[in-house]
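One letter stands for each residue in the lines below.
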Amino acid sequence: MSCCPPSQTKNVTPQAASFLASDEIAREWVVVPEGRYFVGGSDLDANPADGEGPPRTVLLKTFAIAATAVTNAEFARFVEATGYRTEAEQLGWSYVFHDLVSPASAKRVRQWPTEAPWWHVVDGACWRWPGGRGSHLKGKYEHPVVHVSWHDAQAYCRWSGTRLPTEAEWEVAARGGRVGSRYPWGDELTPGGTHMCNIWQGEFPSRDTADDGYHGTCPVRSFPPNDLGIYEASGNAWEWCNDWWTTQETERSGIDPLGPDAGAAKVMRGGSFLCHESYCNRYRLAARTSNTPDSASSNIGFRVVQA
């Protein structure tokens, strides 16, 4: 089983976006100094097909990454300034996890993937209406924006004068200087019984006990940051990276590695509120997955790096 959303096959042309950079977003930045860093993993609980390991060294130049994922409030400001319509809005639907579909949209569920029936195709679902028509963003403006494709994230970056992190940059920032650690805070998932991230508790996909305090996404500063000041690097919402997906380690190593020049899918990191160790332990720092760049769902967002 997988909490990762299926890919979407669309006949939508990404909206052209040549927006002027905006300085209106007051964002907290975390500077990662130039240096040699260890990335990747060899955990016994790794997903071998994902190409996580072996551990390897990368050399990165200094960069600044946002302390949090882009929020609904920040994305709303972008849309208000530009009139941008996401790919989910153009298509008219997006994937919503089954128990997050709004009551008003329950009748709009048309179909779902046979291999992952907990993902519902909901007409009208998009970043504005994350559960479909009848849902809203009230009380969720500091939650990560979701239902955004890689193309949508790129459009936001062009407007805000930022860029998506490379996969190596994302992992180095998420680790916060912890070499070989499983999570941003150490190796124990709930040290002293304390929940440190927003993931699934209970039996997937039928019952989430929400012992960590949240069912669905949570505000981007709900849990303590890592040692560098990065929030929610594990769980909450998957985060798009710039890189094309590959499982070949040599193509992701070296100085400021960028991944392959082309591909069919883009890298996503960090896991989401749907991840659980019993079936998808991809909230670990070394974990990774991918999706096509036009795909969107209720658990995919992004954070940015200074261009």
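This one's a predicted model, so the numbers in the text were calculated from it and none came from an experiment.

Participant: Before we move on, can you summarise the packing of aromatic side chains with the specific residues and values?
Facilitator: Within this structure, the stated rule accounts for 18 aromatic pairs. With a centroid separation of 5.4 Å and an interplanar angle of 45°, the aromatic rings of Phe78 and Trp159 are classed as tilted. With Phe78 in helix 1 (residues 72-82) and Trp159 in helix 3 (residues 150-160), this residue pair connects regions lying 81 residues apart in the sequence. By relative accessible area, which is 0% here, Phe78 ends up buried. Residue classification places Trp159 among the buried positions, given a relative accessible area of 4%. Between Phe97 and Trp200 the ring centres are 5.5 Å apart and the planes differ by 70°, which places this aromatic pair in the edge-to-face class. Taken as a pair, Phe97 in strand 5 (residues 93-97) and Trp200 in the loop between helix 4 (167-175) and strand 8 (202-203) lie far apart in primary sequence, 103 residues in all.

Participant: Give me the packing of helix 1 against helix 3: which residues, what numbers.
Facilitator: Where helix 1 meets helix 3, the axes come as close as 11 Å, and the angle between the chain directions of the two elements is 75°. What the angle tells us is that helix 1 and helix 3 run roughly perpendicular. Of the residues in helix 3, those touching helix 1 at Glu74, Phe75, Arg77, Phe78, Ala81 and Thr82 are Ala155, Tyr156 and Trp159. Each residue belonging to the contact of helix 1 with helix 3 can be placed in one class, and the counts come to six nonpolar, one polar and two charged.

Participant: I'd like a rundown of the pairing of strand 1 (residues 29-32), residues and numbers included.
Facilitator: Looking along a regular strand, one sees side chains alternate from face to face of the sheet. In strand 1, alternate side chains face the same way, and those of Val30 and Val32 are buried while those of Trp29 and Val31 on the opposite face are not. Sheet analysis places strand 1 next to strand 4 (residues 63-66), joined by four bridges and oriented antiparallel. Paired with Val30 across the strands is Ile65, a residue of strand 4.

Participant: Describe in detail the confidence of the model for the protein, supporting the description with residues and values.
Facilitator: Per-residue pLDDT for the protein averages 91, and the proportion of residues at 70 or more is 92%. Taken together, the stretch residues 16-21 has pLDDT below 50 and engages in 14 contacts with residues farther than four places along the chain or on a different chain.

Participant: Describe the environment of Thr292, listing the residues and the values that go with them.
Facilitator: Looking at the element boundaries, Thr292 is found in the loop between strand 13 (288-291) and strand 14 (300-301). When the C-alpha positions of Thr292 and His151 are compared, they lie 9.9 Å apart, and in sequence the two are 141 residues distant. Within the structure, Thr292 has its side chain in polar contact with the side chain of Asp294 (distance 2.9 Å).

Participant: Now, about the pairing of strand 5: what can you tell me, with residues and values included?
Facilitator: With five of its five residues buried, strand 5 lies for the most part within the structure. Burial of the side chains of strand 5 extends over both faces: Trp93, Tyr95 and Phe97 are buried on one face and Ser94 and Val96 on the other. Sheet topology note: the strand 5/strand 6 (residues 119-123) ladder contains five bridges and is antiparallel. Note that in strand 6 the partner of Val96 across the bridge is His120.

Participant: Report on the pattern of salt bridges, specifying residues and quantitative values.
Facilitator: In total, this model carries 13 salt bridges according to the counting rule given. Two residues, Glu167 and Arg269, come together in a salt bridge whose shortest N-O distance is 2.8 Å. Residue Glu167 is found in helix 4, and its partner Arg269 is found in strand 12 (residues 266-269); the two are separated by 102 residues along the sequence. Exposure class is identical for Glu167 and Arg269. Each is buried. A single salt-bridge network, built from bridges that share partners, covers Glu167, Glu171, Arg175, Arg269 and Arg288.

Participant: Lay out unusual backbone geometry in plain terms, naming residues and giving numbers.
Facilitator: Backbone phi values are negative for most residues with the exception of glycine, while trans is the configuration of most peptide bonds. Cis geometry marks the peptide bond from Gly53 to Pro54; its omega dihedral reads 5°. Assignment of secondary structure puts Pro54 in the loop between strand 2 (35-39) and strand 3 (56-60). Pro205 follows Phe204 through a cis peptide bond whose omega is 5°. Residue position: Pro205 is located in the loop between strand 8 and strand 9 (207-208).

Participant: Help me get a handle on the nonpolar core, residues and values and all.
Facilitator: Phe75, Phe78, Tyr156, Trp240 and Phe302 are the most contacted members of the largest nonpolar core, which totals 45 residues. Among the secondary structure elements, those contributing two or more residues to this core are helix 1, strand 5, strand 6, helix 3 and strand 10 (238-244). It is helix 3 that contributes the most residues to this core, six residues altogether. Within the second largest apolar cluster, 21 residues are counted, among which are Leu60, Ala168, Tyr231 and Val305.

Each value, and the rule that gives it
Residues numbered from 1 in each chain as written. Predicted model: local features only at pLDDT ≥ 70, side-chain atom pairs only at ≥ 80, totals over all residues. Heavy atoms only, no water. Phe/Tyr/Trp six-rings, centres within 6.5 Å; stacked < 30°, edge-to-face > 60°. Helix = DSSP H or I, 4+ residues; strand = E, 2+ residues; numbered from the N terminus. Buried < 20%, exposed > 50% of the residue type's maximum accessible area, 1.4 Å probe, protein only. Axes fitted to C-alpha atoms, helices over the stretch in contact; angles between N-to-C directions. Parallel < 35°, antiparallel > 145°, perpendicular 65-115°, else oblique. Contact = heavy atoms within 4.5 Å. Nonpolar A, V, L, I, M, F, W, Y, C, P; charged D, E, K, R; others polar. Pairing = 2+ DSSP bridges. pLDDT = per-residue confidence, 0-100. Polar contact = N/O pair within 3.5 Å; in protein donor to acceptor, adjacent residues only side chain to side chain. Salt bridge = Lys/Arg side-chain N within 4 Å of Asp/Glu carboxyl O. Core = buried A, V, L, I, M, F, W, Y, C linked by side-chain atoms within 4.5 Å.

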